[in-house]
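# Analysis of the macromolecular model
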Amino acid sequence: LAPTEALPQANALLVFVFALAGACHPIINLLLKNVGAGATFIGGALVLLVGATLLWASSPKRLSTPTQAFSQAPASILSIVLTFAIGIGAGIEVNLMMAVVPRALSQGSSLNLSSEYIASLILLIAAIATFPLGQLVTRLGGRSGMVFGLSAVTIGIVPILLRQTILGQNLIFELVHILIAGVAFGMVFISMIPFALSMLSNGHEGLATGLYFGGGGLATALLNGIAQYFGSQIDRVEAGTAVLVALVTLPIAIGCIAAKRYE
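My aim in this report is to walk through the structure given alongside it, one point at a time. (Residues numbered from 1 in each chain as written. Predicted model: local features only at pLDDT ≥ 70, side-chain atom pairs only at ≥ 80, totals over all residues. Heavy atoms only, no water.)

## Thoughts on helix H1 (residues 7–23)
- Along its 17 residues, H1 runs 24 Å from first to last C-alpha, staying within 8% of the 24 Å computed at 1.5 Å per residue.
- Residues Leu 7, Pro 8, Asn 11, Ala 12, Val 15, Ala 19 and Ala 23 constitute the buried set of H1. For H1, the buried positions fall inside an angular range of 120 degrees around the axis, keeping them on one side. In H1, those exposed residues whose orientation departs by more than 90 degrees from the buried face are Leu 14 and Val 17. (Helix = DSSP H or I, 4+ residues; strand = E, 2+ residues; numbered from the N terminus. Expected span 1.5 Å × (residues − 1). Buried < 20%, exposed > 50% of the residue type's maximum accessible area, 1.4 Å probe, protein only. Arc of directions from axis to C-beta.)

Structure follows, in structure tokens:
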């Protein structure tokens, strides 16, 4: 429902709600376990009903009819492949960060917090940073925002190896690490809708977002499948392996973003 130039700020609001809900997950999870399955099911149904009603009530009832017929240019095969590939790259980067960073910071750190609560802190910072990040992405554009966001995610992953080899326990470093991870998470999620829409020509909005999210879903499945194949879980990947995968994925994803400019 937002105009193109306001998409980053509109998406920032969605990311704020999403990240805030994720940050409250430990408390919400405990609450739902206490109230029982029946009350949880009824509460969920009521929330869906209220949300659907608000969506219906806020949707425009009358749309202006264009005076000229809309010409939909076909989407190029290269744009389709690039959008899907970038979705895979972004999915790998974000999933790795949210899996290995909370676990690394929960083991032998000065924070004395479980990985679940550290993940909540990362999401809380992402929620707080959404609105200034929305304005920043509006100025940068979706593609530049995605490049900076993916780079920030990689920067958020690399310190887990430095912490094990050089830095050790350091409260300031750990807090800065959480801050970087939260800002990186918010940057990627705010940029993704404007970026996906910019990858394909007008008239292919559904295809563009579907390709991006489909790539992200495939990345999640691949990471979990490979980890299980080797008898592990994604959050138990070794620090060196996680950093290596992130450093290899980043230039490939940025290369795909740059390739669109020369199509």
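After that view, the rundown keeps rolling.
## Some words on helix H6 (residues 142–157)
- Here H6 spans 22 Å end to end across 16 residues, near enough to the 22 Å set by a 1.5 Å rise per residue.
- Of all the residues in H6, the buried ones are Gly 142, Arg 143, Gly 145, Met 146, Gly 149, Leu 150, Ala 152, Val 153, Thr 154, Gly 156 and Ile 157.

## Focus: the packing of aromatic side chains
- Summed over all chains, the structure comprises 6 aromatic pairs.
- When the ring of Phe 16 is compared with that of Phe 131, the centres are 5.4 Å apart and the planes differ by 45 degrees; the resulting orientation is tilted. On the criterion of sequence distance, the pair formed by Phe 16 in helix H1 and Phe 131 in helix H5 (residues 115–140) is long-range, its members being 115 residues apart.
- A relative accessible area of 26% means that Phe 16 is categorised as partly exposed. (Phe/Tyr/Trp six-rings, centres within 6.5 Å; stacked < 30°, edge-to-face > 60°.)

## What about a nonpolar patch on the surface?
- Together, Leu 20, Leu 113, Tyr 117, Leu 121, Leu 124 and Ile 128 give the surface a local cluster of nonpolar side chains, amounting to about 490 Å² of exposed area.
- Among the secondary structure elements, Tyr 117 is positioned in helix H5. (Patch = residues over 30% accessible without salt bridge, like charges linked within 9 Å, V, L, I, M, F, W, Y side chains within 5 Å. Areas by Shrake-Rupley, 256 points an atom, 1.4 Å probe, with all protein chains shown as cover. Salt bridge = Lys/Arg side-chain N within 4 Å of Asp/Glu carboxyl O.)

## Let's talk about the nonpolar core
- Ranked by internal contacts, the top residues of the largest apolar core, which has 58 residues, are Met 97, Val 100, Met 146, Ile 157, Ile 160, Val 188 and Tyr 212.
- For this core, the secondary structure elements donating two or more residues are H1, helix H4 (77–106), H5, H6, helix H8 (171–199), helix H9 (205–229) and helix H10 (239–261).
- Ile 157 has contacts with Glu 93, Leu 96, Met 97, Val 101, Ala 242, Val 243 and Ala 246, leaving out every residue within four places of it along the chain. (Core = buried A, V, L, I, M, F, W, Y, C linked by side-chain atoms within 4.5 Å. Contact = heavy atoms within 4.5 Å.)

## Some details on the packing of H6 against H8
- Between H6 and H8, whose axes approach to 7 Å, the crossing angle comes to 150 degrees. Between H6 and H8, the crossing angle belongs to the class labelled roughly antiparallel. With respect to the hand of their crossing, H6 and H8 are arranged in left-handed fashion. Contacts between H6 and H8 involve Gly 142, Arg 143, Gly 145, Met 146, Phe 148, Gly 149, Leu 150, Ala 152, Val 153, Ile 155 and Gly 156 from the first element and His 177, Ile 180, Ala 184, Met 187, Val 188, Ser 191, Met 192, Pro 194, Phe 195, Ser 198 and Met 199 from the second.
- Partitioned by chemical class, the residues of the contact of H6 with H8 number 14 nonpolar, 7 polar and 1 charged. (Axes fitted to C-alpha atoms, helices over the stretch in contact; angles between N-to-C directions. Parallel < 35°, antiparallel > 145°, perpendicular 65-115°, else oblique. Left-handed = near helix turned anticlockwise from the far one by under 90°. Nonpolar A, V, L, I, M, F, W, Y, C, P; charged D, E, K, R; others polar.)

## Thoughts on the packing of H4 against H8
- Running from N to C, H4 and H8 point in directions that differ by 165 degrees, and their axes come no closer than 11 Å. One way to sum up the angle between H4 and H8 is to call them roughly antiparallel. Note on packing geometry: the crossing formed by H4 with H8 is left-handed. For the pair formed by H4 and H8, the contact residues are Ser 79, Leu 82, Thr 83, Ile 86, Val 94, Met 97, Met 98, Val 101 and Leu 105 on the first element and Glu 174, His 177, Ile 178, Ala 181, Ala 184, Phe 185, Val 188, Phe 189, Phe 195 and Met 199 on the second.

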